[in-house]
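# Structural characterization, general
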Amino acid sequence: MELRERLQAAVKEAMKAKETERLSTLRMVSSAIKDREIAARGEGTEVGENDILTLLGKMVKQRQESAKAYAAGGRPELETKELNEIKVLNEFLPKQVTGADLEAAIAAAVAEAGATSIKDMGRVMAVLKAKYTGMMDFGAVGALIKAQLG
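This write-up is about the structure you can find in this document. (Residues numbered from 1 in each chain as written. Predicted model: local features only at pLDDT ≥ 70, side-chain atom pairs only at ≥ 80, totals over all residues. Heavy atoms only, no water.)

## Considerations on helix H1 (residues 3–17)
To keep it simple, the criterion reads: Every helix listed is a DSSP run of H or I at least four residues long, and every strand listed is a run of E at least two residues long, numbered separately from the N terminus. To estimate how far a helix should reach, multiply one less than its number of residues by 1.5 Å. Each residue is placed in one exposure class: buried if its accessible area under a 1.4 Å probe, protein chains only, is under 20% of its type's maximum, exposed if it is over 50%, and partly exposed if it falls in between. Note that the arc is computed from the directions linking the helix axis to the C-beta atoms. Pairs of residues are marked as contacts when any of their non-hydrogen atoms sit within 4.5 Å.
With 15 residues, H1 extends 21 Å from end C-alpha to end C-alpha; this agrees with the ideal 21 Å at 1.5 Å per step. Considered for burial, the residues of H1 that qualify are Leu3, Leu7, Ala10, Val11 and Ala14. The arc that holds every buried residue of H1, seen down its axis, measures 105°, which confines them to one face. Away from the buried face of H1 by more than 90 degrees, exposed residues Gln8, Lys12, Glu13 and Lys16 are located. Buried residues along H1 sit in contact with helix H2 (20–43) and helix H3 (49–72). Positive phi appears at Lys18, one or two residues downstream of H1, with a value of about 55°.

Written out as structure tokens, the structure is:
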């Protein structure tokens, strides 16, 4: 089932089950996708699965940062809300690549890009983003790429 269809089905299920917090998060995702589609129309492009996965990844990252800020600020109720939103968003993201699989993916991308120095890091990132959108935290991956190239 396509990601958009899964989102719509989840909205319907949340409405039927009267899960207000989950419904709110799902509607926020739908709204963000529609905003991205409107912007893409102006550019003359389409919003694909990878674009949606990227958007979801950014939303997760924003909520992680907010949860940390709320925890540091002594606002556990808001931290819990952000963490619950992350759980809902993660339902629609593919399984994260970690550990040995992550190292192997980076090594393969370095080889595919023909990277020999840190100057080639952008090409390695482009290869990884093409294959693993929504499956990796590219902020953390950057340090691992530097370690392999440096």
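## As for the side chain of Thr25
Within the secondary structure, Thr25 sits in helix H2. Once residues lying within four places of it in the same chain are set aside, the contact partners of Thr25 are Glu85, Val88 and Leu89.

## As for the pattern of salt bridges
Opposite charge on two side chains makes pairing possible when the charged atoms of those side chains draw close. Condition: Salt bridges are defined as contacts in which a side-chain nitrogen from Lys or Arg sits within 4 Å of a carboxyl oxygen from Asp or Glu.
Under the definition given, this model contains 10 salt bridges. The salt bridge partner of Glu2 is Arg4, with a shortest N-O separation of 3.4 Å.

## Overview of helix H4 (residues 76–90)
Over its 15 residues, H4 extends 21 Å from the first C-alpha to the last, a length consistent with the 21 Å expected when each residue adds 1.5 Å. Along H4, the residues classified as buried are Glu82, Glu85, Ile86, Val88 and Leu89. Along the axis of H4, the buried residues cluster in a sector spanning 165°; they form a single face. Summarising the contacts, the buried residues of H4 are in contact with H2 and H3.

## Description of the nonpolar core
To keep it simple, the criterion reads: What we call a nonpolar core is a set of buried Ala, Val, Leu, Ile, Met, Phe, Trp, Tyr and Cys residues that are connected through their side-chain atoms within 4.5 Å.
Among the nonpolar cores identified, the biggest contains 23 residues, and Leu26, Val29, Leu56, Met59 and Phe92 are the most heavily contacted of them. For this core, the elements supplying multiple residues, two or more each, are H1, H2, H3 and H4. In this structure Leu56 touches Leu3, Val29, Leu89, Phe92 and Leu93, once residues within four positions along its chain are discounted. Ala113, Ala115, Val141 and Leu149 belong to the second largest nonpolar core, which has 18 residues in total.

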